[in-house]
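Coordinates in review
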Amino acid sequence: MLGSDVPIVLLQHGGLDNLSGKTGLAMLRYRQGPIVAVVDPDHPGADLRAVTGIGRAVPVVGSLAEALPFAPEVAVVGLAPSGGRLPPAMGPDVAAALEAGLSLASGLHSRLGDDPSLAALVRPGRWIWDLRREPPDLSVGCGRAAALPGRRLLAVGTDMSVGKMSACLELLAAARRRGRDARFVGTGQAGILISGGGVALDAVRIDYAAGAVEAAVLAAAADAGPDTLVLVEGQGSLCHPGSSATLPLIRGSQPTDLLLVHRAGQRTIQRLADCPLPPLSQVIAAVEALAALGRPAGSAPPPRVAAIALNTAHLDAASAAAALAATASETGLPCLDPVRQGGEALLELLLSQERSPTPKRRA
């Protein structure tokens, strides 16, 4: 619903400098279309690069009213707060956006369009898009994506919020710079808002989750050819005791390649310190074993982990280089940080494996 050329204003109340604002921060980093202003009453007048490190020239203002002169057409909720409810401090600016004739996009769990007081403010021709809704006409997954031409890469992570979406989007940008046909399947709120479509996997009943992913991959791969690269945003983690997202993503996308995403130095689930992460070799073996199951007869060989995408954002350059080398040595797999280093080297690695499909790894 959110066209790539539509000017938007991000509602980033209190989330410009922390992970509660990760949806908006991801849009600032990766959305190709115009972002004309950011609303954050905690940082009015701030320099965006100084606060976020993102090299994008966007004014930061203190209220929706101050953003209107920049002519936005859609207000986007940029927060991902715990519990997924609309923060009370943002409520007046959400209402002000609708009253001013803007449309509204939200990835919150609380559905703003179901609020009668907000629905009454929507002007003719405008809308509220609550993207966390189960798609209609769902069916159970049946492995149809295995018959698609080209390659399908699924990002899998050792934890939540380790950079699965960022790795895919860096690969997407690198592929497009090379003129390669690449498609992105968003499966979470930020990925969907950035790309304009996809499936909000955490809004889908578990029986239909693989089918919903399958449908999204088939839609993204429409008219794909043998050189097309479909990049599927990962969600959750097999290592997290509260996550059930990885398996339907594997089943629905029928990947030809897997990319393991890990935060350098992380030893436990980030918010569950009593849940240790297993060695990466064990994670790789588990993911590959699961991905070898549930595949139609005659499909391509089971996918293997092609490389490690290591998140080194919290490290300085020297420490990042050491972590990359250590992880490559530990796993016997190529290890790159596609955000710090750019996606070109990782893309080149994947394309080279078209000629040599089995990645080298330590015995």
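For the structure itself, consult the block above.
We now turn to the structure provided with this report. What you see is a predicted model; the values in this text were computed from it and never measured.

So, how was this worked out
- Residues numbered from 1 in each chain as written.
- Predicted model: local features only at pLDDT ≥ 70, side-chain atom pairs only at ≥ 80, totals over all residues.
- Heavy atoms only, no water.
- Helix = DSSP H or I, 4+ residues; strand = E, 2+ residues; numbered from the N terminus.
- Buried < 20%, exposed > 50% of the residue type's maximum accessible area, 1.4 Å probe, protein only.
- Core = buried A, V, L, I, M, F, W, Y, C linked by side-chain atoms within 4.5 Å.
- Contact = heavy atoms within 4.5 Å.
- Salt bridge = Lys/Arg side-chain N within 4 Å of Asp/Glu carboxyl O.
- Expected span 1.5 Å × (residues − 1).
- Arc of directions from axis to C-beta.

Turning next to the environment of proline 59. For proline 59, the position within the fold is in the loop between helix H2 (48-52) and strand E3 (60-61). Note on proline 59: relative accessible area 29%, which makes it partly exposed. Put simply, proline 59 and aspartate 47 are 12 residues apart on the chain and 7.5 Å apart in space, counted from C-alpha to C-alpha.

Before going further, it helps to spend a moment on the nonpolar core. What tends to happen in soluble globular proteins is that the nonpolar side chains get buried as a cluster. Residues Leu2, Ile8, Met27, Leu28, Val76 and Leu259 are the most contacted members of the largest nonpolar core, which totals 52 residues. Among the elements that line this core, the one with the most residues is helix H6 (residues 164-177), at 8 residues. Not counting residues up to four positions away in its chain, the partners in contact with valine 76 are Leu2, Ile8, Val9, Leu10, Leu11, Met27, Ala105 and Leu193. Of all hydrophobic cores here, the second largest spans 38 residues; its members include Val156, Leu201, Cys239 and Leu310.

Another aspect to go through is the pattern of salt bridges. Between side chains of opposite charge, a pair can form when the charged atoms approach closely. Applying the stated criterion to the full structure yields 10 salt bridges. With a closest N to O distance of 4.0 Å, aspartate 130 and arginine 133 form a salt bridge. Owing to a relative accessible area of 34%, arginine 133 belongs among the partly exposed residues under this scheme. In this structure, the salt-bridge partner of arginine 304 is glutamate 288, at a minimum N-O distance of 3.9 Å. With a gap of 16 residues between them, arginine 304 in the loop between helix H10 (280-291) and strand E13 (305-311) and glutamate 288 in helix H10 connect regions that are remote in the sequence. Residue classification places glutamate 288 among the buried residues on the basis of a relative accessible area of 14%. A network of salt bridges, in which partner residues are shared, links Asp114, Asp130 and Arg133.

With 15 residues, helix H11 (residues 317-331) should reach 21 Å at 1.5 Å per residue; the first-to-last C-alpha distance of 21 Å fits that figure. The set of residues buried in H11 consists of Ala320, Ala323, Leu324, Thr327 and Thr331. Buried residues of H11, seen end-on, are gathered within an arc of 100 degrees and therefore sit on one face of the element. Its buried side turned inward, H11 meets H10, E13, strand E14 (335-336) and helix H12 (338-341). Among the residues trailing H11, glycine 332 stands out with phi positive, at a value near 70 degrees.

Function-wise, these values are silent; they only describe arrangement.
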